[in-house]
Amino acid sequence: MSSSQVPVIDLGPWRSGDPAVRAGIAARVDEALQAAGFLLVTGHGVDPGLPARIRAAARAFFHLPAKTKESYAVAVGGRGWLGPGAEANSHAEGTASPPDLKESWSCAAEDPTGIASVDAEWFRPNAWPAEVPALQPLVAEYVSRMRALSDELLELLATALGLSADHFTRHTAHPTWGFNLNWYPGTETLGPPLPGQFRIGPHTDFGTVTLLDREPGAGGLQIHTEADGWQDAPYDPAALTVNIGDLMARWTGDRWRAGRHRVLPPPADAPAEELVSLVYFYECDPHTRVESLPAPVGRVRHEPVDSHTYLRAKLDAISVP
């Protein structure tokens, strides 16, 4: 996959403020999000040791006995443990497939808005495993960085469209977000993959931007483009992998494509491969009206949607009964 399709964007020069440099970066972002919906982002300022510490705590949880983990079991969109078989991401595309070969620990925005109906659905308290007390403070530090970084990226995206920098962040004063620790164990844990079964099936994300810290693997991330079909995603240990989701694609009138992707099952020649991904899904304020930008920026005028009616339908679609 070429660097023009998934370029490395260094936020250092973006922040330095030289107008010509910023314009060049914005143009590369616009081009990449039209092609694949993905970027690699460096210069983000996240302590490189923090994801490693989170992974160690996450593995300590995922290696607990199933009976222990079951006390934290939740449905998709809940706060706690998503066990094997709980989720099938390709169902969001309308594709019938077996459940994804993973387990997840999920948390999400919990600071209440004061609107009872909104808080009951989108800002519930998070749960944390008593057996791994290190997890909660590490994740709290990480998601705080991801929230700030997501807003910075939304300002870059607005600039790339020729809009005022706050075009999207004016809708993130009290946003929802979700954070998944995805555990992709080897076949000895979940069994050999069924036909059409992936660690995560083909899908697009649902929100505005997704920030991924991943481990490379043979059963790893692939990106789909019209030009090249499925290709292994480029990897840079210093970079976060960033993609846009459905709401952002709709907002841009399909100028930008939601980054379609999948995670391959454990390969036959490395069946014990085990990976942990840190996935931060950013959205917007509850019940934002997402309206397609008009031409010449936008390409398609979608019907306006309520952001969180849309998100709830997608979460329901990937839930395995």
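Going by the structure above, here's the rest.
This is a predicted model, so every value here is computed, not measured. (Residues numbered from 1 in each chain as written. Predicted model: local features only at pLDDT ≥ 70, side-chain atom pairs only at ≥ 80, totals over all residues. Heavy atoms only, no water.)

Participant: For the layout of surface pockets, give the residues involved together with the corresponding values.
Facilitator: Each pocket or cavity is described by its volume, and for the largest pocket that value is around 310 Å³. Of all the elements in the fold, those that place two or more residues in the lining of the largest pocket are strand S4 (103-108) and helix H6 (135-160). Here the residues of the lining of the largest pocket sort into eleven nonpolar, four polar and three charged. Within this model, the second largest pocket holds a volume of roughly 220 Å³. (1 Å grid on protein atoms, 1.4 Å probe; cavity = no way out; pocket = protein on both sides within 12 Å on 5 of 7 lines; lining within 4 Å. Points joined across faces, edges and corners; volume = space filled by probe spheres on them. Helix = DSSP H or I, 4+ residues; strand = E, 2+ residues; numbered from the N terminus. Nonpolar A, V, L, I, M, F, W, Y, C, P; charged D, E, K, R; others polar.)

Participant: Describe the sheet that holds strand S8 (residues 221-225), and please don't skip the residues or the numbers.
Facilitator: Spatially, the four strands line up as an open sheet ordered S6-S11-S8-S9, and their pairing is antiparallel. In this open sheet, the two edge strands, each paired with only one partner strand, are strand S6 (200-203) and strand S9 (229-232). Averaged over neighbouring strand pairs, the angle between their axes works out to 25° when direction is ignored. Across four bridges, the pairing between S8 and S9 is antiparallel. (Pairing = 2+ DSSP bridges. Axes fitted to C-alpha atoms, helices over the stretch in contact; angles between N-to-C directions.)

Participant: Residues and numbers for the sheet that holds strand S12 (residues 275-282), please.
Facilitator: Spatially, S1-S2-S10-S7-S12-S5-S4-S3 is the arrangement adopted by the eight strands of the open sheet, whose pairing is mixed. Every other strand in the sheet has two partners, leaving strand S1 (8-10) and strand S3 (80-82) as the edge strands with one partner each. Between one strand axis and the next, the sheet turns through 25° on average, direction left out of account. In this sheet, strand S10 (residues 240-244) lies alongside strand S2 (residues 38-42) in antiparallel orientation, the contact comprising four bridges. Its bridge partner lying in S10, Leu40 is registered against Thr241. Helix-sheet contacts for helix H3 (residues 49-62) involve S3, S4, strand S5 (177-184), strand S7 (209-213) and S12, and the interaxial angle to S12 is about 110°. (Contact = heavy atoms within 4.5 Å.)

Participant: How would you explain the pattern of salt bridges if you had to name every residue and give the values?
Facilitator: What the rule picks out here adds up to 16 salt bridges. The partner of Glu274 in a salt bridge is Arg59, and the shortest N-O contact between them spans 2.8 Å. Taken together, the residues Glu274 in the loop between strand S11 (260-263) and S12 and Arg59 in helix H3 connect sequence positions 215 residues apart. In this structure Arg59 comes out as buried when scored by relative accessible area, which is 18%. Shared partners join several salt bridges into a network, and the residues in it are Arg55, Arg59, Asp213, Glu215 and Glu274. (Salt bridge = Lys/Arg side-chain N within 4 Å of Asp/Glu carboxyl O. Buried < 20%, exposed > 50% of the residue type's maximum accessible area, 1.4 Å probe, protein only.)

Participant: Could you give me a rundown of the side chain of Asp30, with the residues and numbers involved?
Facilitator: On the secondary structure map, Asp30 appears in helix H2 (residues 19-35). Apart from the residues within four sequence positions on either side, Asp30 is in contact with Ala160, Arg255 and Trp256.

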